[in-house]
Each structure stands twice: as C-alpha cells, then as structure tokens.
There are 2 protein chains.
Amino acid sequence: MKKIALDMDDVIADYVGKAIKTYEEEFDTKVDKSLMDGKKVWQIIPEEHAKVVRSFPYRAGFFRDLAIKPGARETIEELQQKYEVFIVTAAMEFPGSFLDKYEWIKEYLPNFSWRNLVFCGHKHIIDADYLVDDHDKNLNTFTSGEPILFSAPHNTHLDCYRRFDNWQDLHDYFL
Amino acid sequence: MKKIALDMDDVIADYVGKAIKTYEEEFDTKVDKSLMDGKKVWQIIPEEHAKVVRSFPYRAGFFRDLAIKPGARETIEELQQKYEVFIVTAAMEFPGSFLDKYEWIKEYLPNFSWRNLVFCGHKHIIDADYLVDDHDKNLNTFTSGEPILFSAPHNTHLDCYRRFDNWQDLHDYFL
C-alpha cells in the first residue's frame, strides 16, 4: 500500500480559522482577509497584537477544539481503504499541544489508529509516497515521495508544487 | 549528512532497569535475571504480578526518571558532528508519556533539538539511513536504511540484524 502523510494544522484541522476568530473576539476587531494573501494573521495586524496572536499555539487547549475541515473525515476514511494514511504534525514545537492533538484525533477521527500518528519536528525524516502540507519548509525537504501543497492563506504565492485547494481536490486526486 | 534514528526506551533510556527495580520494590521480591533471555520482565514473574508490571508505562511520570544508558549522552553528542541524529520513540502507545519523554530529553540531552525528536507508532514511516532499536517489530519493517538491534534481555534470541551490545559498540561502528 502506498503511504500518504497528511499534515494536521490547516490541512485536517482549521488552525487559521480559530486564530482569526480568537483574535477578533479578544481584540473586538475584524481581520481584513483580503490582506492575507501570502501572509499569516500576525503579519497583517498591529504589532502590539501580533505578539498575542503568535502566543496562541502555546495556550493550553488551543488545539483541542479546532474545527475539522469540510470533507476531511469522510475522505480520510475512504483513503484508508486504498492507502496507508499517516497524520504527521510538527507538534514538537508546542509540547503543550501533545495531548490536545492526540485527543482531537480521537474525537474527530475516531477510527484513526495511534499507530499512524506522528509528532515530529523536521519532516524530512518521513518516508511516504506523498506529503500533503501547507508549509513550504516541510515540502521542500521532503524527498521520499511527492510533496503536495494544501492551500492556506499564507501559501497563495507558492507555485512549485501540485496544489489541493480543499478536500474535494485531495479526494479527486487520490480516489 | 546521513540520518541515524535512535529508539529511546532500552536504547538511550533504561526502561527495563526501572521496571525491574520498581517491581522488586513494590512486591518486595527479586527478579531472577537468568530467566530473562528472550523475555520481558512480566513474562518471568507470577501472573498476578505481571498485570501490574504491564501497567507501569501507563503511570504518570514513569518515563520521567529513567536512567540514561552509560555512554549515550557523550556518543550522541559526537554523532551529531557527523550525522543527523533523530530520536524516534513509539510514544503514541502511551499518551501519558509525551511530556515525560519530552522533559527527559531536555534534562538528559540538553543540546538535542526538538526538531529531531519523533513520537510515533509504526516506525516504517521513518526515512533514515540507520535505525537502532531493541524491538524486532520495528526493525523488520524498516526498509529505508540499515536496521540495527540494540541488545536488551528480551531480544537475546534474535540473530538476523547487526547487533550493538552497548553504546561502545555503537560508537565504534559509527565513529
């Protein structure tokens, strides 16, 4: 069976969506999403707010209630019939997120085995036929298979990878 | 740089040693180590004790104070001059161990980067030139590089891999 490695944040779970919502609520403001092309939230807001937004992933529980991307659960369950599916997330950067991520997967993907879950830093240690990720830094060092970009506001400018805009694209390509 | 993936328990950290010590203390008994060839601790003790010993890895803090194997720290620091060194541990089986393992590495290998730490289940997702591990089940599915067995009581009967008896053997082979 071919191996598909799926990134978690902004591929399966909607990290950017929660970051925007949390920022808007805490600062009683609105993010101008038209400015987000090629940028992260913290890069288009006042500097004094940016520090707070950059600290979100260090907050206990922040990763626990991210929304699941539309179509992700159904597609992953279909993929598992034909591929070995792994979730590979750079959780090591935020050790406080370990249990939140683990519990999130148990809740949102209840049939997903812990055996296929990977918390790492560098992703060039991953041996898979495909890596689907929203970050250039992970894709450009991935040499064991095909790197595929999953669209997120911060990567709209990249054009050096196959791109999936959403889970329908992913479904069409693999299934 | 070539990549070396090192298992954590019973390669870098002395899991079996703590399991024996904890069992002996709690049951006021002595393990007959001569019976351990090819076996785990719980396989050579009374059945009613085995259940407790098998629950050790689920205890909060159990992995936090394992002893480091003699020579491991110094050799890892030397290896890092010539290789990309990763620690790859099947922590997913024991989610309660995530932070213990992370903190253990910060304490015992303070220069080791989180970027090179991997918590996983199946290790055939690992792309490395070498995997040093004490478990047959991890080595026999590792196809991207050379699987190397690190001696532990439970693997004395295996003869299908290159074998390191200790960190001096590992040092001699790689350095």
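Calculation notes
Residues numbered from 1 in each chain as written. Chains lettered and ligands numbered in written order. Predicted model: local features only at pLDDT ≥ 70, side-chain atom pairs only at ≥ 80, totals over all residues. Heavy atoms only, no water. Salt bridge = Lys/Arg side-chain N within 4 Å of Asp/Glu carboxyl O. Helix = DSSP H or I, 4+ residues; strand = E, 2+ residues; numbered from the N terminus. Buried < 20%, exposed > 50% of the residue type's maximum accessible area, 1.4 Å probe, protein only. Pairing = 2+ DSSP bridges. Least-squares fit on C-alpha atoms with pLDDT ≥ 70 in both. Contact = heavy atoms within 4.5 Å. Patch = residues over 30% accessible without salt bridge, like charges linked within 9 Å, V, L, I, M, F, W, Y side chains within 5 Å. Areas by Shrake-Rupley, 256 points an atom, 1.4 Å probe, with all protein chains shown as cover. Lys, Arg positive; Asp, Glu negative; His and termini not counted. Charge placed at Lys NZ, Arg CZ, Asp CG, Glu CD. Domains from an automatic or database assignment. Buried area = accessible area lost by both parts, 1.4 Å probe. Nonpolar A, V, L, I, M, F, W, Y, C, P; charged D, E, K, R; others polar.

K.L.:
Would you explain the pattern of salt bridges in this entry?
P.N.:
A pair can form between side chains of opposite charge whenever their charged atoms are brought close. Per the stated rule, a full pass over the model turns up 22 salt bridges over all chains. The partner of Asp7(B) in a salt bridge is Lys123(B), and the shortest N-O contact between them spans 2.9 Å. Of this pair, Asp7(B) sits in the loop between strand 1 (3–6) and helix 1 (15–27) while Lys123(B) is found in the loop between strand 3 (117–119) and strand 4 (130–133), placing the two residues 116 residues apart along the sequence. Side by side, Asp7(B) and Lys123(B) carry an identical accessibility label, which is buried. Salt bridges sharing common partners tie together Asp7(A), Lys123(A) and Asp133(A).

K.L.:
Help me understand the pairing of strand 4 of chain B, please; the structure alone is not making it clear to me.
P.N.:
Residue and element names in this part refer to chain B. Residues Tyr130 and Val132 of strand 4 are buried on one face, and the alternating residues Leu131 and Asp133, pointing to the opposite face, are buried as well. Where strand 1 lies against strand 4, 3 bridges are found, and the strand directions are parallel. Within the sheet, the bridge partner assigned to Ala5 lies in strand 4 and is Leu131. Here strand 4 pairs with strand 5 (residues 146–150) via 4 bridges, running parallel. Along strand 5, the bridge assignment pairs Tyr130 with Glu146.

K.L.:
Explain the relation of the copies chain B and chain A to me, please; I cannot follow it from the model alone.
P.N.:
For these two chain copies, the linking operation is a rotation about an axis paired with a shift along it. For the pair chain B and chain A, the best superposition has an RMSD of 0.0 Å and corresponds to a rotation of 180° with a translation of 0.0 Å parallel to the axis. The transformation relating the two chain copies, once decomposed into turn and shift, fits a two-fold axis. When the interface residues of chain B are mapped onto chain A, 100% of them are again interface residues, pointing to one common binding face.

K.L.:
For this particular structure, what's the right way to read a positive patch on the surface?
P.N.:
Together, Lys40(A), Arg54(A), Lys137(A) and Arg115(B) make up a positively charged patch on the protein surface. Structurally, the position occupied by Arg54(A) is in helix 2 (residues 47–55). Given the relative accessible area of 48%, Arg54(A) is considered partly exposed.

K.L.:
Would you explain the domain arrangement of chain A in this entry?
P.N.:
Where interface size is quoted, it is often the accessible area lost as the parts come together. Residue and element names in this part refer to chain A. Domain boundaries assigned for chain A yield domain 1 (3–14 + 64–174) and domain 2 (16–58). Centre-to-centre, using C-alpha coordinates, domain 1 lies 23 Å away from domain 2. Contacts between domain 1 and domain 2 engage 11 residues on the former and 10 residues on the latter. For domain 1, the biggest contributors to the area lost against domain 2 are Phe94, Pro153 and His154; these three give 46% of the whole. Between domain 1 and domain 2 we count 1 salt bridge in total. Across the pair Asp65 and Lys18 runs a salt bridge whose closest N-O atoms are separated by 2.6 Å. Its residues assigned to classes, the side of domain 1 that touches domain 2 comprises 3 nonpolar, 4 polar and 4 charged.

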